[in-house]
Protein chains: 2
Amino acid sequence: MSRKRRAKKPLAPLSSPGAPTPLLDTIDSPADLKKLTREQLPLLAQELRNEIVRIAAPGGLHLASSLGATDLIVALHYVLNSPRDRIIFDVGHQAYAHKFLTGRRAQMGTVKKEGGLSGFTKVSESPHDAVTVGHASTSLASALGMATARDALGQDYRVAAVIGDGALTGGMALAALNTIGDSGRKMLIVLNDNEMSISENVGAMSQFMRTLQVQKWFQEGEGASKKALSALSKPLSDLMSRAKSSTRHFFDPASINPFAAMGVRYVGPVDGHNIAELVYLIERLGELDGPTILHVVTRKGKGLTYAEEDPIKWHGPSRFDPQTGQSIAAGLPPGDSVPRQSWSAAFGDAVTELSRQDPRVYVITPAMREGSGLVGYSRAHPNRYLDVGIAEDVAVTAAAGMALQGLKPVVAIYSTFLQRAYDQVLHDVAIENLGVVFAVDRGGVVGADGATHNGVFDLSFMRSIPNVRIGLPRTALELRGMLKEALRIGGPVAIRYPRGETTPAPEGTWPELRWGTWERLCACAPGGVTILAGGKALEYAEAAIRDLPGVGLVNARFVKPLDTAMLRELAEGSRALVTAEDNTVVGGFGSAVLEQLSAWGLKTPVRVLGIPDQFQEHASVERVHARSGIDAPAIRTVLAELGVDVPLGV
Amino acid sequence: MSRKRRAKKPLAPLSSPGAPTPLLDTIDSPADLKKLTREQLPLLAQELRNEIVRIAAPGGLHLASSLGATDLIVALHYVLNSPRDRIIFDVGHQAYAHKFLTGRRAQMGTVKKEGGLSGFTKVSESPHDAVTVGHASTSLASALGMATARDALGQDYRVAAVIGDGALTGGMALAALNTIGDSGRKMLIVLNDNEMSISENVGAMSQFMRTLQVQKWFQEGEGASKKALSALSKPLSDLMSRAKSSTRHFFDPASINPFAAMGVRYVGPVDGHNIAELVYLIERLGELDGPTILHVVTRKGKGLTYAEEDPIKWHGPSRFDPQTGQSIAAGLPPGDSVPRQSWSAAFGDAVTELSRQDPRVYVITPAMREGSGLVGYSRAHPNRYLDVGIAEDVAVTAAAGMALQGLKPVVAIYSTFLQRAYDQVLHDVAIENLGVVFAVDRGGVVGADGATHNGVFDLSFMRSIPNVRIGLPRTALELRGMLKEALRIGGPVAIRYPRGETTPAPEGTWPELRWGTWERLCACAPGGVTILAGGKALEYAEAAIRDLPGVGLVNARFVKPLDTAMLRELAEGSRALVTAEDNTVVGGFGSAVLEQLSAWGLKTPVRVLGIPDQFQEHASVERVHARSGIDAPAIRTVLAELGVDVPLGV
């Protein structure tokens, strides 16, 4: 909605990726940056943008937000003294310019690659990265903690947090702001209002923050704030005068906006691409006591015409031609003609169709419409679709409210973000056994986004909650069966699928699937070894035993409850069981099997394969699985250890 | 601070618990209530208060908040039609009057007792209880879900949420408000501003909401809002006129306060003890489209002089004389002269002393100063103490920020509330292995507060997070050893102790304790049975084997990492192991033992005792443990099943 209202302005010239970078070539640290004149900074920013486009062209990086934040990052590093001063980037995916300026230029081609730089800020990567991050809305609490530590230890560095308008509507950010205002601790909060988080922004705060509205607001409040001016110190009065000279921003020191109500000084909105103005403001605001919000308005994709025009598409584009913005299709492996679709799309198709059949189905997303495959759904069923913004807790508890009042809510959520609603699943949904379906996307290792985003804990933390059922579909077709069954049986149900692709299911097909029933894919030879695996791990297990006819294989598609009838039979009939899962080995599927065997008093040996109890650095999904020992070769090694005759070199 | 500013008004007359209740005697449902005249309502409220004091006198109930909300509850039920209209109480501990009015009067003496009524609202207890609840700040998300369901299904009932000023500063509530404002859905949010949550309220929002400030605020904004009045409908104009006639409230329809900025209509503040005014407002506001906040100011402990004067003490008093407010000490068991103190106090003493030794120690609480034993600490170290309000996520991430900048933060938190910061522990603390100590209070079954408050999941969900260490002290002395060791070794460490009492440790004693080392209390006979237990379960195990010299017993005080050297020895030397824990059997300590034995390929049978995979209804701690099969008799039964010669009848 806000985007419609945005005035069409002439777009910035197309950037020139690969062009010479004479200024950037002189910079290896923020200290080098400070040797430039202020007049040179816009040119440096343009060089940085060119370089960002260049490294993003092979695909998979966060492009639009990084371009939008470049001017701001140049200004911050020009004024502040990192690493002594702390610059905290919320989410951390917009900080490529920060990495370029802090000694990592030579490695920028390795971002998100195995052994390379992280796609986010990461403490262990550089002293200039104040926090290790990936999830949204944490920066203000981090800043509160850092400013508190500074004051407690009698130190005097500056703390700055850069938070997007979307992340600021997360409850954790709002709650932190409440304490920050009360604490009165000195810090600078840069509200990077880029008019678009990953999905289109939602919520009343977002509406409020739209520039024109804010200006209207301030004009109304102007009278009151003028009176308050007399209490201001000289530098602030100067600043006020200067602010007045611009028609584009307004400084409201003491009154009448929600930030001021929270006890936080507010300055803005200002043009987030006017580096001179940003430098001027950061210099002065950085010296003020107490917390200050500087509201800057930026444009995602800044400087890259096609990215400015469609920032959602260019949030994290795959491979493209940097000159034209044309996508470059990845070549299909030769001979592979099986149609594929993402798991997210498979879910989106299924729930769209189900909603047609059942008017009580209602889909909720915490700001992940595109990522969760819900663009089609949101168009087909706009009145049964709720985006609550970056607020996973609200998504889950609102779903509980819906379930109590007769709807069949489906919460579409990434595994890593479901971590943020553990208590809401437990307290608001599970205690009363309410019918809420969790479509848990990106379950398991996600690869390039690394440790902050791996969804390798959900089987453990969801399994610990009474009444919760958990299923891992093997195919899009099985996902449909589980979704239909979940809505039929009621209660809290998590259907968990990985990042990546599956074979599409034909429209209208709804296989019957009884919850809690496993599927025997290969019978094991009497007294042999049986593998129990679900989801992605099952794919590896299938590949592992292709030439091993004596090994049993079970699609252990339900992690809670287990198929105890089949498990008992297998445990009694097998020499050993192997469990494999794309989840931590601590408290996951393998532990569920161990717990059940222990309860029965059965002594069948069980080998538990899964993600080790360590955070996994970014690398391709396959590489992390290989390192973790759950891929096909690793499974074959385990089978050999268990006495299975495994041909070498296959 | 706000409490100091509060003007001293004459206190209401002392209530008369046990006095006749002629009006209440006529009421078995909200329909009966509506037969009273409006003039009779204050008298009814006084009867309700008398009855609440009467049932609270034996101790253990939420008294002050229930008295404060009684007038409001009478007004809500007089106007709304429950259960068709939905009244959602945030936290749900203030709703005794609601229970009295909705057909549960005869059972009100059973609140929080086994088999009796819950201390909170509970869907399965009554159709009038809109949600099952216990944790704060969820009501607005619930209301959002319910209003959404109503509109999606074409229904037209009213949805009202009653939320305290403390709970409103929780991030989840603020984030929900953001979406509510955007949704425009019809609902009434009653902000029950009682000027005190459990601890003294903190945060800028709380400051803002103080009545006098709010009135000043509105007076400043009055000019702007007058202009907006012309757009109002007739009923609203009427309301405005009426509001104007009172000097105590002000109706600000369209502008300039944080709620209005979020798109929510704001009315208030009004006297939350003036039932006639409340009825008038709820009748009219309940009919308005869109979301409306009615800000009412109430006094905790209303009508009970001593409770009004010290509402923190009277939040949840133990046994008292209702006429005088004198505490009635529980008699000590005969012959028991061992001094005892609460685990919370043991922690508070220890951390206060440690902070004296180490200036980098910094304690954080999410609004639980009293409950966590921190009153003394907050006085001794006011500059190294932060209360972030009801915002567990902020508490944890602020601690991470402190740890990054050189402090040694200790987050004092109840186990059940730590559930709300699972992601922050994982994402903000554990990935970088930051030195944050979690003092996890109320770990295990808590008894009377029931399913919403039992801390029986922490061993499972904390264990699933890489880098996290977990210890369960057996005594206050061991707690000191763990605390000191945790600060020495760094990294995320959870020290978990139960509700209840322990033997105090002498000041200045700091036992050396290496993390990850168990303690052998009794050696098992060769080839015998060994019990591994920590915390509360260890107490039961000790009692169980008092007359069984051949049974081994280990203080398995570290759940992560396990003492693998001792475990291996025990597993190889014992006929069977028994693990016992005050935690769910899903993914807890027993599973950790099973996982380790499976990794070693050892076949020693393990019996896992713990809380079954079901939510546990309220009852005494001991009763829940008996039902769960972890108390001494249950352990003896298991030992007998494992072939131990257990004398009968002991």
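Residues numbered from 1 in each chain as written. Chains lettered and ligands numbered in written order. Predicted model: local features only at pLDDT ≥ 70, side-chain atom pairs only at ≥ 80, totals over all residues. Heavy atoms only, no water.

Draft legend 1. Up close: the packing of aromatic side chains. Residue and element names in this part refer to chain B. One pass over the full model with this rule turns up 25 aromatic pairs over all chains. For the ring pair Tyr 422 and Phe 461, a centre distance of 5.9 Å and an interplane angle of 85 degrees mean the geometry is edge-to-face. Residue Tyr 422 is located in helix α19 (residues 422-430), and its partner Phe 461 is located in helix α20 (residues 458-463); the two are separated by 39 residues in the primary sequence. Of the two residues, Tyr 422 and Phe 461, both sit in the buried class. Where Trp 518 meets Phe 589, the ring centres are 6.1 Å apart and the plane angle is 70 degrees; that geometry is what we call edge-to-face. Of this pair, Trp 518 sits in the loop between β14 (501-502) and β15 (519-522) while Phe 589 sits in helix α24 (residues 589-600), and the two are 71 residues apart along the sequence. (Phe/Tyr/Trp six-rings, centres within 6.5 Å; stacked < 30°, edge-to-face > 60°. Helix = DSSP H or I, 4+ residues; strand = E, 2+ residues; numbered from the N terminus. Buried < 20%, exposed > 50% of the residue type's maximum accessible area, 1.4 Å probe, protein only.)

Draft legend 2. Molecular detail of α24(B). All names here are of chain B. Here α24 spans 17 Å end to end across twelve residues, near enough to the 16 Å set by a 1.5 Å rise per residue. Judged by how many residues are buried, α24 sits mostly within the fold: nine of twelve residues are covered. Within the span of α24, buried status applies to Phe 589, Gly 590, Ser 591, Ala 592, Val 593, Leu 594, Glu 595, Leu 597 and Ser 598. Positive backbone phi, approximately 75 degrees, marks Gly 601, located one or two places after α24. (Expected span 1.5 Å × (residues − 1).)

Draft legend 3. Geometry of the pattern of salt bridges. All names here are of chain A. This model, assessed by the stated rule, comprises 84 salt bridges over all chains. Arg 105 is the partner of Glu 51 in a salt bridge, and the nearest nitrogen-oxygen pair spans 3.7 Å. Here Glu 51, found in helix α3 (residues 41-56), pairs with Arg 105, found in the loop between α5 (96-101) and α6 (139-152); they are 54 residues apart in sequence, far enough to count as distant. Judged by its relative accessible area of 5%, Glu 51 is buried. Across the pair Lys 536 and Glu 539 runs a salt bridge, and its minimum N-O distance is 3.7 Å. One end of the pair, Lys 536, and the other, Glu 539, are both in helix α22 (residues 535-544), three residues apart, so they sit about a helical turn from each other. The class of Lys 536 is buried, set by a relative accessible area of 18%. (Salt bridge = Lys/Arg side-chain N within 4 Å of Asp/Glu carboxyl O.)

Draft legend 4. Up close: helix α21 (residues 476-489) of chain B. Residue and element names in this part refer to chain B. In this model, α21 (14 residues) spans 20 Å end to end at C-alpha, consistent with the 20 Å of a helix rising 1.5 Å per residue. Listed as buried for α21 are Ala 476, Glu 478, Leu 479, Arg 480, Gly 481, Met 482, Leu 483, Glu 485, Ala 486 and Leu 487. Gly 490 sits one or two positions beyond α21 and adopts a positive phi of about 75 degrees.

Draft legend 5. Structural view of the sheet that holds strand β16 (residues 529-533) of chain A. Residues and elements named next belong to chain A. One open sheet holds the five strands; their spatial order is β15-β17-β16-β19-β20, and the pairing between them is mixed. Of all strands in the sheet, those with a lone pairing partner are β15 (519-522) and β20 (606-611), marking the two edges. Here the strands of the sheet are splayed against their neighbours by 20 degrees on average, with no regard to which way each runs. Note: β16 against strand β17 (residues 552-555), four bridges, orientation parallel. Residue Ile 531 lies in a different strand from β17, and its bridge partner there is Leu 553. (Pairing = 2+ DSSP bridges. Axes fitted to C-alpha atoms, helices over the stretch in contact; angles between N-to-C directions.)

Draft legend 6. Representation of the environment of Gly435(B). Residues and elements named next belong to chain B. Relative to the elements of secondary structure, Gly 435 occurs in the loop between α19 and β11 (437-441). The exposure class of Gly 435 is partly exposed, given its relative accessible area of 27%. For the pair formed by Gly 435 and Val 410, sequence separation is 25 residues and the distance between their alpha carbons is 9.0 Å.

Draft legend 7. Here's a closer look at the interface of chain A and chain B. The interface is formed by 101 residues belonging to chain A together with 102 residues belonging to chain B. Between chain A and chain B, a total of about 8100 Å² is buried, with carbon and sulfur atoms accounting for 67% of that surface. Counting every contact that joins chain A to chain B gives four salt bridges. The residue Asp613(A) makes a salt bridge to Lys560(B) at a minimum N-O spacing of 2.9 Å. Where chain A touches chain B, the interface holds 28 residue pairs in polar contact (both at pLDDT 80 or more). Looking at the side of chain A that touches chain B, the element that brings in the most residues is helix α8 (residues 171-183) of chain A, giving nine residues. A breakdown of the residues in the side of chain A that touches chain B according to their chemical character gives 49 nonpolar, 36 polar and 16 charged. (Contact = heavy atoms within 4.5 Å. Buried area = accessible area lost by both parts, 1.4 Å probe. Polar contact = N/O pair within 3.5 Å; in protein donor to acceptor, adjacent residues only side chain to side chain. Nonpolar A, V, L, I, M, F, W, Y, C, P; charged D, E, K, R; others polar.)

Draft legend 8. Summary view of the nonpolar core. Of all hydrophobic cores here, the largest spans 304 residues; its most connected members are Phe438(A), Leu639(A), Phe438(B) and Leu639(B). Excluding residues that lie within four positions of it along the chain, Leu639(A) makes contacts with Val529(A), Ile531(A), Ile545(A), Leu548(A), Val551(A), Val578(A), Val644(A) and Val646(A). (Core = buried A, V, L, I, M, F, W, Y, C linked by side-chain atoms within 4.5 Å.)

Draft legend 9. Seen up close, the side chain of Ser574(A). Residues and elements named next belong to chain A. Examined against the element boundaries, Ser 574 turns out to sit in the loop between α23 (564-573) and β19 (576-584). Only 2.9 Å separates the side chain of Ser 574 from the side chain of Thr 530, close enough to count as a polar contact. From its side chain, Ser 574 meets the backbone oxygen of Leu 570 in a polar contact 2.7 Å long.

Draft legend 10. View of the sheet that holds strand β18 (residues 558-560) of chain B. All names here are of chain B. Pairing within the open sheet is mixed, and its seven strands lie in the order β9-β8-β10-β11-β13-β12-β18. For this open sheet the edge positions go to β9 (385-387) and β18, each flanked by a neighbour on one side alone. Taking each pair of neighbouring strands and ignoring which way they run, the sheet shows an average axis angle of 20 degrees. The pairing of strand β10 (residues 408-414) with β11 spans five bridges and is classified as parallel. By the bridge assignment, Val 411 is partnered in β11 with Phe 438. Together, β8 (361-365), β10, β11, β12 (469-471), β13 (493-496) and β18 form the strand contacts of α21, whose direction differs from that of β13 by roughly 175 degrees.

Don't take any of this as a statement about function, it's just geometry.
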